[in-house]
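Observations on the model geometry
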Amino acid sequence: MDLAWTDFLNSLVRDWRGGGGPAEDHLAQPAWQSAFLAKWGLDAPVPAATADLDAARRLRALLLDLAARVLDGGTIPADGIGALNAALAGAPVRRTLEAGGEHAYAVRLGPAATGWTVVLGEVAASFARTLAEMDPARIRLCANPDCRWAFYDDTRNGSKRFCEPSTCGNLMRVRRFRRRRT
Ligand SMILES: [Zn+2]
């Protein structure tokens, strides 16, 4: 399942084969920024200003840290909630009434402003909704320590451990097999 916050965390692509190569950071790339904004229906200037990029990297580090904490059934400490709330404050919400669709009327929530502070607030909101409205125990970082790809495990039995069985899952299986033989 694709969520704005997993998409955002995965802007940092690590060398999942464990070659020790540098991580590829897509965050500063205008093409990544445009694609991210379009995918999540958000509006901000591209390329992002340096100060916005710094704030984005800080939020990414925070979300990675918080995701790692809840991975094994842990909880988010008060200062983590405070930091998340500070990011949420950057995204004022506008309610609109819409007619038609599944029900006769629907109240929709959307960002009340544009800009990177709002985008980052929406990303923080996506993580907050996962904690509050979905199952935080299904938040995952790929079990390959060299990968750490973020995802939400929506399999029926919640047994997904790797971003992709064919890449990281396979790699870790091969490593386990080799360890057993030596
Ligand atoms: Zn992986």
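See above for the structure.
Residues numbered from 1 in each chain as written. Predicted model: local features only at pLDDT ≥ 70, side-chain atom pairs only at ≥ 80, totals over all residues. Heavy atoms only, no water.

For the rest of this paragraph, the subject is the coordination of the zinc ion. Around the zinc ion, the protein supplies Cys142 (SG), Cys147 (SG), Cys163 (SG) and Cys168 (SG) as donor atoms, at distances of 2.3 to 2.4 Å. Around the zinc ion, the 4 donor atoms are arranged such that angles at the metal cover 105 to 117°; this shape is classified as tetrahedral. For the zinc ion, the single-chain donor residues occur in sequence as C-x4-C-x15-C-x4-C. Here Cys147 is found in the loop between strand 5 (139-141) and strand 6 (150-152), whereas its partner Cys163 is found in the loop between strand 6 and helix 6 (165-181), with 16 residues between them in sequence. Cys147 sits in the buried class, given a relative accessible area of 7%. Judged by relative accessible area, which is 13%, Cys163 ranks as buried. (Donors = N, O, S within 2.8 Å, 3.2 Å for Na, K, Ca; no water. Tetrahedral: all angles 85-135°; square planar, octahedral: opposite > 155°, others 65-115°. Helix = DSSP H or I, 4+ residues; strand = E, 2+ residues; numbered from the N terminus. Buried < 20%, exposed > 50% of the residue type's maximum accessible area, 1.4 Å probe, protein only.)

One finds Trp5, Phe8, Leu59, Leu63 and Phe127 to be the most contacted residues of the largest nonpolar core, which totals 33 residues. For this core, the secondary-structure elements that each account for two or more residues are helix 1 (4-9), helix 2 (30-39), helix 3 (50-71), helix 4 (78-88), helix 5 (116-133), strand 5 and strand 6. With 6 residues, the next largest nonpolar core counts Cys142, Phe162, Cys168 and Met172 among its residues. (Core = buried A, V, L, I, M, F, W, Y, C linked by side-chain atoms within 4.5 Å.)

Don't take any of this as a statement about function, it's just geometry.
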